[in-house]
Amino acid sequence: MNVSKAGFEAVFQYSGMFKEGMLCTIYLSFFTVILGFVLALVLAVMRMSDIRPLRFLALDQQGRLREQGFLFALSRFNPVSFIATVYVEIFRATPLLVQLFIVYQVLFHKDVINLPAVTILGFVKLNRFLPGVVALALNSGAYVSEIIRAGIQSIEGGQTEAARSLGLTQGQNMRYIVLPQAIKNILPAIGNEFVTIIKESAVTFTIGVADLMAAVKAAQAGSFRILEPLLVVAALYFCLTFPTSKIIAHFERRMSRGDKR
């Protein structure tokens with residue numbers, strides 16, 4: 001299979017579709033990052049919560065603390081953390097493509113959530129775009145929640161105790177002391193996840209989203225060229241992910257300057 005100048009010229013006739021596909025990929029990634037981060041923050045808080053409605057079972061009839069047994073295990077059960085843990089484990093253990101089909105063919109089925117076949121942002125079909133965003137956000141939220149949880153837990157407990165001694169509430173401690181340090185610690189991992197989202201958004205073309213891969217299929221069918229459209233889309237994905245990773249690395253260096261002083 002040869003690469004030729006004529007092949008690229010035939011592919012460049014579909015430059016408009018590649019432009020729209022690139023914009024659609026950016027839109028997908030942007031909305032996925034926002035929704036996924038909000039969901040991840042909620043999941044991280046749920047997993048770190050201490051809601052134990054059956055904690056009274058930890059005491060026996062004499063009022064002494066149980067050390068083991070079934071009732072002791074029930075007293076430590078946290079339903080909120082359990083729900084979040086089950087969610088995270090399921091979405092991390094199943095393929096994104098399967099999740100995408102479940103969201104599109106089940107959740108957004110006309111008998112459940114019937115989206116209108118309207119065009120938004122100039123050329124994006126809402127009934128294809130929104131299921132793709134939801135599926136990507138649900139998947140990303142499971143991964144990012146673990147990143148956020150690890151970042152929060154990496155902060156020394158002594159800082160929380162110092163905040164309490166100064167009269168700060170739990171919310172103020174989280175907002176002014178824990179989260180700023182945690183964000184600095186997890187920024188590289190969050191950046192990698194954002195780059196991953198840009199690349200994984202390519203699976204949405206399977207449900208009819210007009211992203212870069214949809215432009216590739218149209219160019220291949222119209223130009224009868226296989227390799228050239230793939231090389232073009234690989235270059236476009238590189239143009240999206242490489243500068244993004246460098247920008248994130250720049251902010252990471254700036255945030256780490258205080259540690260070197």
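So, a few notes on the structure that sits alongside this text. Just so it is clear, the model here is predicted, and its values are computed rather than measured. Numbering of residues starts from 1 in every chain and runs along the sequence as written. The predicted nature of this model means local features are confined to residues of pLDDT at least 70 and side-chain atom pairs, given and counted, to a pLDDT of 80 or more, with totals for whole chains, interfaces and linings taken over all residues. Side-chain descriptors were evaluated using all non-hydrogen atoms of the structure, hydrogens and water having been removed beforehand.

### Brief notes about the nonpolar core
As a rule of thumb, nonpolar side chains are buried together in soluble globular proteins.
Consideration 1: Here, nonpolar core refers to any group of buried Ala, Val, Leu, Ile, Met, Phe, Trp, Tyr and Cys residues whose side-chain atoms link them within 4.5 Å. Think of it in three bands: residues with accessible area under 20% of the maximum for their type are buried, residues over 50% are exposed, and the middle band is partly exposed, with areas taken using a 1.4 Å probe on protein chains only. Counting 16 residues, the largest nonpolar core has Cys-24, Leu-28, Val-103, Phe-108, Val-124, Phe-129 and Val-209 as its most contacted members.
Consideration 2: Secondary-structure elements contributing two or more residues to this core are helix 2 (15–47), helix 5 (96–107) and helix 6 (126–153).
Consideration 3: Think of it this way: any DSSP run of H or I at least four residues long counts as a helix, any run of E at least two long counts as a strand, and we number them from the N terminus. Of all the elements, helix 6 adds the most residues to this core, at five residues.
Consideration 4: Look past the residues within four positions of Phe-108 in its chain and what remains in contact with it is Val-103, Ile-113, Leu-115, Leu-130, Pro-131 and Val-134.
Consideration 5: One finds Phe-18, Ile-198, Val-216 and Ala-219 within the second-largest nonpolar core, a separate group that totals 14 residues. Working rule for contacts: check all heavy atoms of both residues, and any pair within 4.5 Å makes them a contact.

### Looking at the packing of aromatic side chains
Consideration 1: Side-chain rings of Phe, Tyr and Trp (the six-membered ring for Trp) are treated as a pair once their centres are within 6.5 Å; stacked means planes under 30 degrees apart, edge-to-face means over 60, and tilted covers the remaining angles. Evaluated as defined, the whole model comprises six aromatic pairs.
Consideration 2: Measuring from ring centre to ring centre gives 5.4 Å for Phe-30 and Phe-31, while their planes differ by 75°; the resulting arrangement is edge-to-face.
Consideration 3: You can call Phe-31 partly exposed: its relative accessible area is 33%.
Consideration 4: One aromatic cluster is present, formed by Phe-30, Phe-31 and Phe-129 through successive ring pairs.

### What about helix 8 (residues 170–200)?
Consideration 1: Spanning 31 residues, helix 8 covers only 37 Å between terminal C-alpha atoms, well under the ideal 45 Å at 1.5 Å per step.
Consideration 2: Its maximal kink placed at Ile-186, helix 8 deviates by approximately 55°, while the proline Pro-188 follows within four residues. The span expected for a helix works out to 1.5 Å for each residue beyond the first. Across the chain, bend at a residue is computed as the angle between axes fitted to the seven residues ending at that point and the seven starting from it.

### Section: a nonpolar patch on the surface
Consideration 1: Judged by side-chain polarity, Phe-30, Phe-31, Ile-34, Leu-35, Val-38, Val-42 and Leu-121 come together as a nonpolar surface patch covering roughly 600 Å² of accessible area.
Consideration 2: If you trace the backbone, Val-38 turns up in helix 2.
Consideration 3: Residue class for Val-38 comes out partly exposed when judged on its relative accessible area of 49%. For patch building, the residue pool is restricted to those with more than 30% relative accessible area and no salt bridge; the joining distance is 9 Å between like charges and 5 Å between nonpolar side chains (Val, Leu, Ile, Met, Phe, Trp, Tyr). For the accessible areas, the method is Shrake-Rupley and the probe is 1.4 Å, while residue cover comes only from the protein chains on display. By definition, a salt bridge exists where a carboxyl oxygen of Asp or Glu is found within 4 Å of a side-chain nitrogen of Lys or Arg.

### Side note on the environment of Thr-241
Consideration 1: Of note, Thr-241 is situated in helix 10 (residues 227–255).
Consideration 2: By relative accessible area, Thr-241 is classed as buried at 13%.
Consideration 3: Among residues more than four places away in sequence, those in contact with Thr-241 are Val-195, Ile-198 and Lys-199.

### Quick word on the packing of helix 2 against helix 6
Consideration 1: Helix axes are fitted to C-alpha atoms over the stretch in contact, other axes to C-alpha atoms as well, and angles between N-to-C directions run from 0 to 180 degrees. The N-to-C vectors of helix 2 and helix 6 enclose an angle of 45°; their axes lie 6 Å apart at closest approach. Put simply, helix 2 runs oblique to helix 6. The two elements helix 2 and helix 6 cross, and the hand of that crossing is right-handed.
Consideration 2: Its residues assigned to classes, the contact of helix 2 with helix 6 comprises 19 nonpolar, six polar and three charged. Should an angle lie under 35 degrees it is considered roughly parallel, over 145 roughly antiparallel, and from 65 to 115 roughly perpendicular; all remaining angles are considered oblique. Handedness of each helix crossing follows the sense of rotation of the near helix against the far helix: counterclockwise by less than a right angle gives left-handed, clockwise gives right-handed. Residue polarity is assigned by list, with Asp, Glu, Lys and Arg as charged and Ala, Val, Leu, Ile, Met, Phe, Trp, Tyr, Cys and Pro as nonpolar; anything else, Gly included, falls into the polar class.

### What to know about the layout of surface pockets
Consideration 1: Points on a 1 Å grid over protein atoms alone make up a cavity when a 1.4 Å probe fits among them but cannot get out, and a pocket when they form an open set with protein on both sides within 12 Å along at least five of seven lines; lining residues each have an atom within 4 Å of a point. Grid points are joined across faces, edges and corners, and a volume is the space filled by probe spheres set on the points. Reported here for the largest pocket is a volume of approximately 350 Å³.
Consideration 2: In terms of lining residues, the largest pocket is bounded by 16 residues, among which Met-48, Ile-152, Gln-170, Met-174 and Val-178 are the most central.
Consideration 3: Of all elements in the fold, only helix 2, helix 7 (157–165) and helix 8 reach the threshold of two or more residues within the lining of the largest pocket.
Consideration 4: Residue contributions to the lining of the largest pocket peak at five residues, all from helix 8.
Consideration 5: Of the residues belonging to the lining of the largest pocket, the class tally is nine nonpolar, five polar and two charged.
Consideration 6: Counted as a void, the second largest pocket has a volume near 200 Å³.
Consideration 7: Elements that contribute at least two residues to the lining of the second largest pocket include exactly helix 2, helix 6 and helix 8.
Consideration 8: In terms of residue count, the dominant contributor to the lining of the second largest pocket is helix 8 (six residues).
Consideration 9: Here the residues of the lining of the second largest pocket sort into eight nonpolar, three polar and one charged.

Worth remembering: the numbers are spatial, not functional.
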